[in-house]
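# Remarks on the overall topology
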Amino acid sequence: MANITQLKHLEHLEDEMLNYGVEGCHAAVNFLKELRNMIGKEGSGSMMQTKWDGAPAVVCGKHPYTGRFFVGTKSVFNKDEPKLCYFDDNIDAWYSGIPDLKDKLKVALREFKKLKIDGVVQGDLLYTNDIKEEEVNGQKLYTFRPNTITYGIPVDHDLGVRCSNSKIGVVFHTHYTGDDLCCMQAQGGVPAGMISEVPEVLNIKNDTPMDRVAFSSTEMKAFDSHVDTINRMCSSSGEFLDELLGLTGTKGDAKWHISSYIKQFFNNQIKNAHSISNVDKTLSDMINFYDSKVNAAASKLTPKTQVQKKNLIYASQNYAVDNAHKFKGMLTLYKELQAVKQLVISKLDELEDEIKTYVMTENGYKITSHEGYVLHKDGDMIKFVNRLEFSYNNFTLAKKWR
């Protein structure tokens, strides 16, 4: 929706209607229409990027005022206390309590300085000294696991050769414009010539080649049908979406309203690998989820305050019952957005065949897909992620950074 300043958090396509009401719903439709225009073409004004599951996010480059090279995490954008690291001593001061992160930032400081970055860029760190050489499904790979996904590069591939010779791996996906670090504007991609190439750094390009995306006529008709349906439902559910948005909040009476728990509910569904198959059951599950959350919170209050909050809870329960058909319409719309998003992801996944992706289970490696994709349009960004796969893994598997 709104242009991104510092790239700290991206929203899912289907969540835009919860974030911005009917305006967010129509914005999702516009993203989908732009995506259709990009399919099978090259040179569009918009761009799609593969989303890598790297960690930590690293920001680096020349300070716009001083020209001095720095590295850091997203906290370089802190307004009160920006954590800029020009020397190892700065890294020790800021990150002494996180040894693994501290060590990786020191490698980044040393090696990224060689890239002669002309400006400020952001990327996902993939590895430093934690590469393994493994055989997976009969193929020799260099593997590394920065976060949830384990990546495997064939040792005999050009990327594998470059990986073995490098000291650090990264995916730079964003550059910044502006003269004040705290207020710089995020722009998708990194312009040619902004970063030099050196053997010590494997800088993996993540632009998705949309000219290679091929939809059959049947698939394209299905895509168009989904978008038309979503567009109609945005209009029919729009007033209710705006109503829910107006009732959502973290303070006062809004804190106790069911609208404030809808996104939490969807995240909980994903955590438990549940999809929307039956809207009646999903609505029932949503109300039960809301009841458990607010009643648990109310039980910690004084008896006098409990009475007041119980009245708010009771009113919200009645609101859900009285507006059941509107909630079902909202859930159907959410389901439709998930369906068209998955259609897109399945086609984009077909392009990602050079680098293998796995998750580690108690039975060894299991093949998975990339984390997802990010669509950039007119300075706006939205992510396409298979939440029932990646987000479920993200919720349930151990991670290196929390």
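Please refer to the structure placed before this passage.
Attention in this report is confined to the structure presented alongside it.

Rules used in this analysis
- Residues numbered from 1 in each chain as written.
- Predicted model: local features only at pLDDT ≥ 70, side-chain atom pairs only at ≥ 80, totals over all residues.
- Heavy atoms only, no water.
- Helix = DSSP H or I, 4+ residues; strand = E, 2+ residues; numbered from the N terminus.
- Rg over C-alpha atoms; globule rule 2.2 N^0.38 Å.
- Buried < 20%, exposed > 50% of the residue type's maximum accessible area, 1.4 Å probe, protein only.
- Contact = heavy atoms within 4.5 Å.
- Areas by Shrake-Rupley, 256 points an atom, 1.4 Å probe, with all protein chains shown as cover.
- Lys, Arg positive; Asp, Glu negative; His and termini not counted.
- Charge placed at Lys NZ, Arg CZ, Asp CG, Glu CD.
- Core = buried A, V, L, I, M, F, W, Y, C linked by side-chain atoms within 4.5 Å.
- 1 Å grid on protein atoms, 1.4 Å probe; cavity = no way out; pocket = protein on both sides within 12 Å on 5 of 7 lines; lining within 4 Å.
- Points joined across faces, edges and corners; volume = space filled by probe spheres on them.
- Nonpolar A, V, L, I, M, F, W, Y, C, P; charged D, E, K, R; others polar.
- Salt bridge = Lys/Arg side-chain N within 4 Å of Asp/Glu carboxyl O.

## Concerning the overall build of the chain
Counting secondary structure elements, the chain contains 11 helices and 14 strands. Expected size for 402 residues packed as a compact globule is a radius of gyration near 21 Å; at 23 Å, the chain falls within 12% of this value. With respect to the three principal axes, the spread of C-alpha positions in the chain is 65 × 55 × 50 Å. For the chain, the residues scored as buried account for 50% of the 402 residues in total. Once local pairs closer than 6 in sequence are excluded, the contacts in the chain between residues at least 24 apart make up 70%. Carbon and sulfur atoms form 48% of the exposed surface of the chain, whose accessible area is close to 18,800 Å². In the chain, the 49 positive side-chain charges and the 52 negative ones have mean positions that sit 5 Å from each other.

## What to know about the nonpolar core
Among the nonpolar cores identified, the biggest contains 58 residues, and Met17, Leu32, Phe223, Phe327, Met330 and Phe384 are the most heavily contacted of them. Ranked by residues supplied to this core, first place goes to helix H10 (residues 324-349) with 11 residues. With residues near it in sequence (within four places) discarded, Phe384 still touches Leu13, Leu32, Leu35, Lys341, Val344, Ile345, Gly372, Tyr373 and Leu375. One finds Cys85, Leu105, Ile168 and Met194 within the second-largest nonpolar core, a separate group that totals 24 residues.

## Observations concerning empty space enclosed by the protein
For the structure on display, the rule yields three cavities of 30 Å³ or more. Approximately 80 Å³ is the volume found for the largest cavity. If you go around the largest cavity, the residues you meet are Phe266, Gln269, Ile270, His274, Ser275, Ile276, Tyr334, Gln338, Arg387 and Leu388. Those elements giving two or more residues to the lining of the largest cavity turn out to be helix H7 (262-271), H10 and helix H11 (387-396). Element by element, the count of residues in the lining of the largest cavity is highest for H7, at three residues. Residue composition of the lining of the largest cavity, by class: five nonpolar, four polar and one charged.

## Re the pattern of salt bridges
Tallied over the entire structure, the rule returns 19 salt bridges. The partner of Lys114 in a salt bridge is Glu200, with the nearest N and O atoms 3.6 Å apart. Of the two residues, Lys114 sits in the loop between helix H4 (99-112) and strand S4 (120-127) while Glu200 sits in the loop between strand S9 (185-188) and strand S10 (201-203), which places them 86 residues apart along the sequence. Several salt bridges share partner residues, and in doing so they unite Glu14, Asp15, Lys341 and Arg387 into one network.

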